[in-house]
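Residue-level structural notes
One-letter residues, chain by chain:
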Amino acid sequence: MANSLENQQIGLGTILAPTPKLGVEGLGWMVHSVDVDKAKEDVMHVFGSDPKMVRWGFVVAVLVLCGIGSAQVLPPEDYLGKPIGADGVLADYAEMVAYFAYLDSVSDWIDVVTIGKSTLGNELIMAIATSPEVAAEIQTHRSIARKLRDARISLSEAERYASQGKVILLDMCAIHSDEAASTQMALRLAYRIASGDSAVTRYLDDVILLLIPCVNPDGHQMICDWYEKWKGTEHDGCWMPWLYHPYAGHDNNRDWYMFNLAETRLVSKVMYDTWLPQIILDHHEMWMTGARFFVPPYSDPVNPNIHPLVWRQIEVVGAEIRLNMQEEGLKGILSNALFPAWWEGASVMTPLWHNVVSLLTEAATVRIASPVYVDPSELGAGGTGFPQYTRLTNFPDPWDGGWWHLGDIMDYEEASLVGALEAASKHRKEMLLNFYRMCRDGVDRGKEEPPFAYLIPPGSDRFTTCRMLERLMLGGVEIDLAVGSFTADERTYPESTYIIYLSQPYRSYVKDMLECHRYPLIKLLPEASPLEPYDATTWTLPLKMDVRADEIRKPFNARTERCITIGYPQSIVPDEGRFLAVDRTTLSSYIFVNRAFDHSLRVSTLTDSLKTLSDTLLPGTIIVDLGQHAARQRALVRHLAESLGLDFKVLNSKPSCVEDLKRARIGVYQAYFPREPEGWLRYVLDDFGYRYEILHNEDMKRASVLNRFDAIILPSIQPSLIKQGKPSGRWAEFYEPPPPPYEGGIGDEGVKALREFVTSGGTIIAIGPTCDLLIEEFKLPAKDLLKDSDGGDFNCPGAILRLEIDPLSPICYGMKPVTPCFFFYSKVFSTRIPFGKFNRRVVARFPDEDLLLSGWLQGEDRIKGKAAVVHITYDKGDIILAGFDPVHRAQTYSTYRILLNSLLLAGGRTRGHQVHQIQ
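Everything quoted here is computed from the prediction, not taken from an experiment.

1. Examining the state of the cysteines
Enumeration over the complete set of coordinates arrives at zero disulfides. In this structure Cys563 is a free cysteine whose sulfur lies 9.5 Å from that of Cys466, the closest cysteine sulfur available. In this structure Cys563 comes out as buried when scored by relative accessible area, which is 12%. Distance from the sulfur of Cys812, which forms no disulfide, to the nearest cysteine sulfur (Cys821) is 11 Å.

Below, the structure is given as structure tokens:
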């Protein structure tokens, strides 16, 4: 807000991006009235001495000190010195933050706050826009939203609060950084508000707008820099050859119940903790040659756990948006199509289970900021609810084709947001009251109908249990802890059992995250295939993380206390003994091993089971040798195992059936056609403390480079992208050559180097479709059974299946004999009797019956009893074929060990060993 030193500092402190394009020299006409040296001193106090940070800070400080804005607010074009919305023009993140800081300093309509730091350390800002009168009572309105959400008040109290309160509307821009128009729209809309444009501000007596101008600051800066580099060349607007989120790329919009990413956590805190918006808009872009704009209602199928009032209010808000856009003459607006209402995981979808009126908008895209010309003959339709590009009841005014510009997208997105503000203002009281009603229904239904609770008793993997509970709590779930033993559904549960009652405001979310799902098979015609899911068909968290969660069908009594946070358990390290043992059933044991490597602790692993006086240790158990300085090393073990929940046991002597563990030298292949599985793989490696190096095409072609490593991981990616650097199949027609430094793949030369690597004793871990490359090029004794499937007789688009594993295989140490596995268009293998330099062992397979645990599986007979993971020896080396991604989106803790064990196996191998028997 203007004249607020505290908020000016918040705005100034948000700039942590590369050097902006406008310098101090452009402000000479106003600097004469300012003590420049004092201004520079103040700016450096906020920004530090980095000149990249200081330049925009000085610009903002000068404007503030000069009192700019007392007569008028500068539009972004004048402030930034570039025509916002014009073809080929993007304000980068530093410029955006500077402009919002400026608006904060000169207008009473906008307050800019920092909600935290992005993955790469950029400040993530949010603008709070409302009338000055509402702003003066902002804490009161936040308190009202919390009372309505908590819903432990009477209807009459709720009606009183709804009469007093304001609708809170969260608008999110550009989570996908190559969909950049909304970041520029946010600048323009913020200017309209700050300058008092009544066409927008008239709604802000009833609405508090939370505007996040860029959900992914890191990616926006990358895209701006990349776009500027190639603008005006034949590669204008081309695909960037690396992920625009450091870990997730496009999948940063698949993380919104798992909360792995910094940005997900920060924005979700706004959604479910600090602000509790009742309406959310999330702006995206889609393909160039279809509808110009999508606004909900969504398409079928509908998830049954979402409250019906959500759908009815989406109809109201969506209709107001479409009406506003039509009144402005905007053509080509589609609804009730393409985007189904089934799937959790996206930034705009997950709030639906939190009783939020959450609307996705999708605009036809351009080449980042360069316009495209769409010939009328190129316009087309497709997908649920959009069978033909013609006038339809849900598409009444088709666009005729022609030039399509960045500014056009901004016009559509701005009109959609103004329409949502109008709907929120018109229906303010009923929106607030319905928010209460839905939350109250959750509280009441949880007391009246099953399930009544989910119980998570203390288990062997306390670390993963806490991670699951932490993620549920980040989603606003209320969790209690039993302070004594109790009985539920005729079973006795011990003290410290976690209890998640279904009687809570977010009952829909709790139920949807913890229960098993059955995807509804809706056919538009009897002979037609079922409607395809947009993404996965299930996300059952206890199965994906392999944590016991008992569904309770009858009411019960227990003494409990509410969990404010989830505290990670301390490890148990005995006070005696030189040799300590800890098994791999706790996933954090792998974190400990990597920490032990960092500190040169001597660790080994059991190769066979071992009976002790009190227990039987399983193969794969980790042995720590404290050596001659046991007291000092024991203290180090306690430090390294802090908050990992490990239970160490004492051994009287070092077992004979052990192999030393060594840190594997890991190389991760990174294609220049970026794919999200590679990013998520790096996330997991970083999360668990692994060291690795990135390998690009030129590295992969040199055997001398590959032979520096023990293990090379080929993430889930099409074989043609690895070998030729271009997609195959249905994506081939959309391929456009990248700039010359990034063209091509590893070619025959890279295949030859990989063969030499594994022949000399290296380990290759191939995931998903990369398995096909090795099977074909290395003539492995395995076959991809689904390679030629067209989906007619087999389909498994994101389901959780049972997996039978070989507990004696080093690749499966620590896993249960039957383990949940996430199958997402994965590979399944048949094997054959090997010969010569080959050997093979099926270490994980699908059972002969009852494969499906949650989701949708069609044609299960195709994969019954077949191999999911195969360990092949190739001369002196190892090849692990993992048909499914064991670390899919950093969500599938149940199968992490397949990757982590493979890396430990690779580190323990001595390069140049002879062919080893694995049967």
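Back to the write-up after that little detour.
2. Focus on the pattern of salt bridges
Scanning the entire structure with this criterion turns up 54 salt bridges. Here Lys426 ties to Glu422 by a salt bridge, and the two come within 3.4 Å at their closest N and O atoms. Taken as a pair, Lys426 and Glu422 lie in helix H15 (residues 406–426) at a separation of four residues, close to a single helical turn. Under the relative-accessibility criterion, Lys426 is labelled exposed at 52%. Look at Glu422 and you get buried, because its relative accessible area is 16%. One salt bridge connects Asp710 with Arg665, and the closest N-O pair in it is separated by 2.8 Å. Of this pair, Asp710 sits in the loop between helix H24 (703–706) and strand E29 (711–714) while Arg665 sits in the loop between strand E26 (658–660) and strand E27 (666–669), placing them 45 residues apart in sequence. Asp710 gets classed as buried once you look at its relative accessible area, which sits at 6%. Among the charged side chains, a salt-bridge network with shared partners connects Arg188, Arg192, Asp197, Asp411 and Glu414.

3. Quick look at the pairing of strand E38 (residues 877–882)
Every regular strand shows the same layout, with side chains that alternate between the two sheet faces. Burial of E38 is extensive: six of the six residues sit out of reach of the surface. Side chains Gly877, Ile879 and Leu881 project from E38 onto one buried face, and the interleaved Asp878, Ile880 and Ala882 project onto a second face that is buried too. Bridging between strand E30 (residues 763–767) and E38 involves five bridges; their strand directions are parallel. Each residue of the ladder has a partner; that of Ile764, found in E38, is Ile879. Bridge count between strand E37 (residues 867–874) and E38: six bridges; the pairing is antiparallel. Of the residues in E38, the one forming a bridge with Val870 is Leu881. Hairpin connection, E37 to E38: the antiparallel pair is bridged by two residues, and Asp875 has positive phi, about 60 degrees.

4. Points about the packing of helix H10 (residues 181–194) against H15
Remark: H10 packs on H15, axes separated minimally by 9 Å, with the N-to-C direction vectors making an angle of 55 degrees. One element, H10, and the other, H15, form an angle in the oblique class. Between H10 and H15 the crossing geometry is right-handed. Residues Ala181, Ser182, Gln184, Met185, Arg188, Leu189 and Arg192 of H10 lie in contact with H15, whose contacting residues are Leu406, Ile409, Met410, Asp411, Glu413, Glu414, Leu417 and Val418.

5. Some words on the packing of helix H6 (residues 93–106) against H10
Two elements in contact, H6 and H10, have axes separated by 11 Å at closest approach and are oriented at 10 degrees. Here H6 lies roughly parallel to H10, going by the angle between them. Counting all contacts with H6, which are made through Met96, Tyr99, Phe100 and Leu103, the residues of H10 involved are Thr183, Gln184, Ala186, Leu187, Ala190, Tyr191 and Ala194. The residue inventory of the contact of H6 with H10, partitioned by class, reads nine nonpolar, two polar and no charged.

6. Quick notes on the side chain of His427
Tracing the backbone through its elements, the reader meets His427 in the loop between H15 and helix H16 (428–448). Judged by its relative accessible area of 18%, His427 is buried. Excluding its chain neighbours within four sequence positions, the residues that come into contact with His427 are Val316 and Glu320.

7. As for the sheet that holds strand E6 (residues 293–294)
Strand order in this open sheet of eight strands is E1-E2-E4-E3-E5-E10-E6-E8, and the pairing throughout is mixed. Edge strands, defined here as strands with exactly one partner in the open sheet, are strand E1 (110–117) and strand E8 (333–334). Sheet topology places E6 next to E8; two bridges connect them, and they run parallel. When the bridges of E8 are listed, Phe294 appears paired with Leu334. Packed on one face of the sheet, H10 meets E1, strand E2 (123–129), strand E3 (167–173), strand E4 (207–212) and strand E5 (279–286) and runs near 140 degrees to E3. In the packing of helix H14 (residues 308–327) onto the sheet, contacts are made with E5, E6, E8 and strand E10 (357–364), and the angle to E10 comes to roughly 35 degrees.

Parameters and conventions
Residues numbered from 1 in each chain as written. Predicted model: local features only at pLDDT ≥ 70, side-chain atom pairs only at ≥ 80, totals over all residues. Heavy atoms only, no water. Disulfide = S-S within 2.5 Å. Buried < 20%, exposed > 50% of the residue type's maximum accessible area, 1.4 Å probe, protein only. Salt bridge = Lys/Arg side-chain N within 4 Å of Asp/Glu carboxyl O. Helix = DSSP H or I, 4+ residues; strand = E, 2+ residues; numbered from the N terminus. Pairing = 2+ DSSP bridges. Axes fitted to C-alpha atoms, helices over the stretch in contact; angles between N-to-C directions. Parallel < 35°, antiparallel > 145°, perpendicular 65-115°, else oblique. Left-handed = near helix turned anticlockwise from the far one by under 90°. Contact = heavy atoms within 4.5 Å. Nonpolar A, V, L, I, M, F, W, Y, C, P; charged D, E, K, R; others polar.

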